[in-house]
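# Coordinates in review
Residues per chain are reported as follows:
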Amino acid sequence: MSLFLATLLTGLVLILWGLPFFKGGTGVRTRAFSLLRSKPAAMVLFGGAALWFLYHVTQLGKADFGDYKMIMLVVFGASALGAFVYTPDFLAVRGLAGLMLLSASPLLGSAYMQYDEPQRLVLVSIVYVLIIAAMFIGTMPYLMRDLFEWLWAKPKRLKLFGGAFMGYGALLVIVSFTY
């Protein structure tokens, strides 16, 4: 993936993520809280993260435990299926965290060794912040619920949160055209 495309897509995703929060409203609140424990959202988000991860396992070479590829596919595939049965609570949030972590690799890879483009750090900075956020919500998914409760306690917070994502997304879109 090119640095231009990685920066542009990340900016657009941040804008789309921040827009509903900036708009606010009770409908957005209802959808946000229902997403946390939604089975269809878990199927899409966690299922997508599991499939993406299993694809990475199929691409392992000999130096990366490639001799045990099939064993790893079975173990991790069974673990993913078991998560739907035994730990369905907040599975959509864990799936979102997994997708965030998996998407960090191509984004950071696009900026790797691009020292002649110092504005790449605008992309890299937000990716590292999102990696940290993904680790928190992946290990403690109830924090996302707590964040939503805190945001909706005061409408000003919600607008600021959504506006920050939209503003940084717009900055990334602008920066993408400077490469």
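Residues numbered from 1 in each chain as written. Predicted model: local features only at pLDDT ≥ 70, side-chain atom pairs only at ≥ 80, totals over all residues. Heavy atoms only, no water.

## Focus on the pattern of salt bridges
Note the threshold: Here, a salt bridge means any Lys or Arg side-chain nitrogen found within 4 Å of an Asp or Glu carboxyl oxygen. By definition, any uninterrupted DSSP run of H or I lasting at least four residues is a helix, any uninterrupted run of E lasting at least two residues is a strand, and each is numbered from the N terminus. To sort residues, take the accessible area from a 1.4 Å probe on protein chains only and compare it with the maximum for the residue type: under 20% means buried, over 50% means exposed, and anything in between is partly exposed.
Evaluated as defined, the whole model comprises three salt bridges. In this structure, Asp89 and Arg37 form a salt bridge, with 2.9 Å as the shortest nitrogen-oxygen distance. A residue pair is termed long-range when its members are at least 10 positions apart, and Asp89 in the loop between helix H4 (69-86) and helix H5 (91-111) and Arg37 in the loop between helix H2 (26-36) and helix H3 (39-58) qualify at 52 residues. The exposure class assigned to Asp89 is partly exposed, which follows from its relative accessible area of 39%.

## Considerations on the packing of aromatic side chains
Worth spelling out the cut-off: Within 6.5 Å between ring centres, the rings of Phe, Tyr and Trp (the latter by its six-membered ring) count as paired, and their orientation is classed by plane angle as stacked under 30 degrees, edge-to-face over 60, tilted in between. Only when the NZ atom of a Lys or the CZ atom of an Arg is both within 6 Å of the ring centre and within 35 degrees of the ring normal do we say a charge sits over the ring.
Summed over the entire model, instances satisfying the criterion amount to twelve aromatic pairs. Geometrically, the ring pair formed by Phe53 and Phe76 is edge-to-face, given 5.1 Å between the ring centres and 80 degrees between the ring planes. Separated by 23 residues along the polypeptide, Phe53 in helix H3 and Phe76 in helix H4 bring together distant segments of the chain. We classify Phe53 as partly exposed; its relative accessible area is 34%. A relative accessible area of 34% places Phe76 in the partly exposed class. Taken together, a centroid distance of 4.9 Å and an interplanar angle of 65 degrees make the contact between Phe161 and Phe165 edge-to-face. Here the residue Phe161 and the residue Phe165 both occupy positions in helix H8 (residues 155-176), the gap between them amounting to four residues, near one helical turn. Grouped by ring-pair contacts, the aromatic residues Trp17, Phe21, Phe33, Phe148, Trp152, Phe161 and Phe165 constitute a single cluster. Positioned over the ring face of Phe22 is Lys159, at 4.8 Å from the centre of the ring.

Honestly, that's just the spatial picture; any functional story needs more than this.
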